[in-house]
Amino acid sequence: MTKHLAFRPADPRLRVLGNKPVAAKGEYVLYWCQIQRRGEDNAALAYAIEQANELGLPVLVYEAVRPDYPFASDRFHTFLLESARDTAAALEARGVRHAFFLPRTKDEARGVVHKLTARAALVVSDDYPTFLMPEHNAAAAARCPCPYIVVG
């Protein structure tokens, strides 16, 4: 059984990157799953669900494996693809929608996150100080029309 992760105002695990108002016409709370690729024991997912419940909206978990980042390898991608299957099953058991995307080229991947954030009331992602996440989050938050919150 997963314990409930509670968040309080000014929680040190949360950082707001895009301090914009919640999108009134947002269709969902988007959780862009970049590092914490699991459907349980995941603070960012727990925060997204908490916010979605407060807004009366569903959560959409978006996860992708791009082919064009430094150190990409078949071995690592096999691990990510196998874990995506497990994540999808865990999320389905919780009633959370999951969208997985496997682009074949970097051009195919370009703009997908922006399209998803355009329909979101707010966006939550993983806060991870190394690898590609700081750049991904900064770029996405700059273009995002709603609050963009990262959870560590």
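Everything numeric in this text was worked out from a predicted model, so none of it was measured.

### Section: the packing of aromatic side chains
So, point 1. If you walk through the whole model with that rule in mind, you get 2 aromatic pairs.
So, point 2. Between F7 and Y47, the aromatic rings sit 5.1 Å apart at their centres with planes inclined by 75 degrees, giving edge-to-face as the arrangement. Residue F7 is located in the segment before β1 (14-18), and its partner Y47 is located in helix α1 (residues 43-55); the two are separated by 40 residues in the primary sequence. When sorted by exposure, F7 lands in the same class as Y47, which is buried.

### Some details on helix α2 (residues 74-94)
So, point 1. Here α2 is 21 residues long and its end C-alpha atoms lie 30 Å apart, about the 30 Å a rise of 1.5 Å per residue gives.
So, point 2. Listing the buried residues of α2 in full gives H77, L80, S83, A84, T87, A90 and L91. Down the axis of α2, the smallest arc covering the buried residues is 135 degrees, so these residues share one side. α2 presents D74, R75, R85, E92 and A93 as exposed residues on the side facing more than 90 degrees away from its buried surface.
So, point 3. In this structure, the buried side of α2 is in contact with α1, β3 (59-64) and β4 (97-101).
So, point 4. Looking one or two places after α2, you find G95, whose phi comes out positive at around 80 degrees.

### Section: the side chain of D11
So, point 1. By secondary structure assignment, the location of D11 is in the segment before β1.
So, point 2. Within the local environment of D11, its side chain forms a polar contact with the side chain of R13, the two groups lying 2.8 Å apart.

### Describing the sheet that holds β3
So, point 1. Reading across from one edge, β1-β6-β5-β2-β3-β4 is the order of the 6 strands in this open sheet, with mixed pairing throughout. Edge positions in the open sheet fall to β1 and β4, since each of these has one partner strand only. Direction aside, the axes of adjacent strands within the sheet are offset by 25 degrees on average.
So, point 2. For strand β5 (residues 120-126) and strand β6 (residues 148-151), the ladder comprises 4 bridges, and the chain directions are parallel. Residue S125 lies in a different strand from β6, and its bridge partner there is V150.
So, point 3. Running at roughly 165 degrees to β5, α1 makes contact with β1, β2 (28-32), β3, β5 and β6 of the sheet.
So, point 4. Sitting on the sheet, helix α5 (residues 133-143) touches β1, β2, β5 and β6, and the angle it makes with β6 is about 160 degrees.

### Here's the deal with a nonpolar patch on the surface
So, point 1. On the surface, a nonpolar cluster with roughly 370 Å² of combined accessible area is contributed by F71, Y128 and F131.
So, point 2. Its location among the elements puts Y128 in the loop between β5 and α5.

### Topic: the nonpolar core
Generally speaking, a soluble globular protein has its nonpolar side chains buried in company with each other.
So, point 1. Counting residues in each nonpolar core, the largest one holds 21 residues, and the members touching the most others are F7, Y31, Y47, V59, V61, V124 and V151.
So, point 2. Of all the elements in the fold, those that place two or more residues in this core are β2, α1, β3, β5 and β6.
So, point 3. It is α1 that contributes the most residues to this core, 8 residues altogether.
So, point 4. With sequence-adjacent residues up to four places away left out, V124 is seen in contact with V29, L30, Y31, W32, A44, Y47, A48, I149 and V151.
So, point 5. Formed by 17 residues, the second largest nonpolar core is a distinct cluster that contains V123, A141, C144 and C146.

### Quick look at the pattern of salt bridges
So, point 1. Overall, the coordinates contain 6 salt bridges when judged by the stated rule.
So, point 2. Taking the shortest distance from any N to any O, the salt bridge between R15 and D127 comes out at 2.9 Å. Taken together, the residues span a long stretch of sequence, with R15 in strand β1 and D127 in the loop between β5 and α5 at a distance of 112 residues.
So, point 3. Given the relative accessible area of 23%, D127 is considered partly exposed.

What counts, and where the lines are drawn
Going along each chain's sequence as written, the residues are numbered from 1 onward. Whole-chain, interface and lining totals are the exception, using all residues; otherwise, since this is a predicted model, local features are given only for residues with pLDDT of at least 70 and side-chain atom pairs are given and counted only at 80 or more. Side-chain measures were taken over the full set of non-hydrogen atoms in the model, leaving aside hydrogen atoms and water. In this scheme Phe, Tyr and Trp rings, the latter by its six-membered ring, pair at centre separations within 6.5 Å, and the angle between planes marks the pair as stacked below 30 degrees, edge-to-face above 60, and tilted otherwise. The secondary structure listing takes helices from DSSP runs of H or I that are at least 4 residues long and strands from runs of E that are at least 2 residues long, numbered from the N terminus. Exposed residues in this analysis have more than 50% of their type's maximum accessible area, buried residues have under 20%, and partly exposed residues fall in between, with area computed by a 1.4 Å probe over protein chains only. The span one expects for a helix is its residue count, reduced by one, times 1.5 Å. This arc is built from the directions going out from the helix axis to the C-beta atoms. It only takes one pair of heavy atoms within 4.5 Å for two residues to be counted as in contact. In the analysis that follows, any N or O atom pair within 3.5 Å is treated as a polar contact, provided that within protein one partner can donate a hydrogen and the other can accept it, and provided that, for residues neighboring in sequence, both atoms belong to side chains. In this description, strands pair whenever DSSP reports at least two bridges between them. To get an axis, fit a line to the C-alpha atoms, keeping to the stretch in contact for a helix; angles then go from 0 to 180 degrees between the N-to-C directions. Patch criteria: residues need more than 30% relative accessible area and no salt bridge. Like-charged residues are merged within 9 Å; nonpolar side chains of Val, Leu, Ile, Met, Phe, Trp and Tyr are merged within 5 Å. Only the protein chains shown count as cover for residues, and the accessible areas themselves come from Shrake-Rupley with a 1.4 Å probe. Any carboxyl oxygen of Asp or Glu within 4 Å of a side-chain nitrogen of Lys or Arg constitutes a salt bridge here. Residues enter a nonpolar core if they are buried and are Ala, Val, Leu, Ile, Met, Phe, Trp, Tyr or Cys, with the set joined through side-chain atoms within 4.5 Å.

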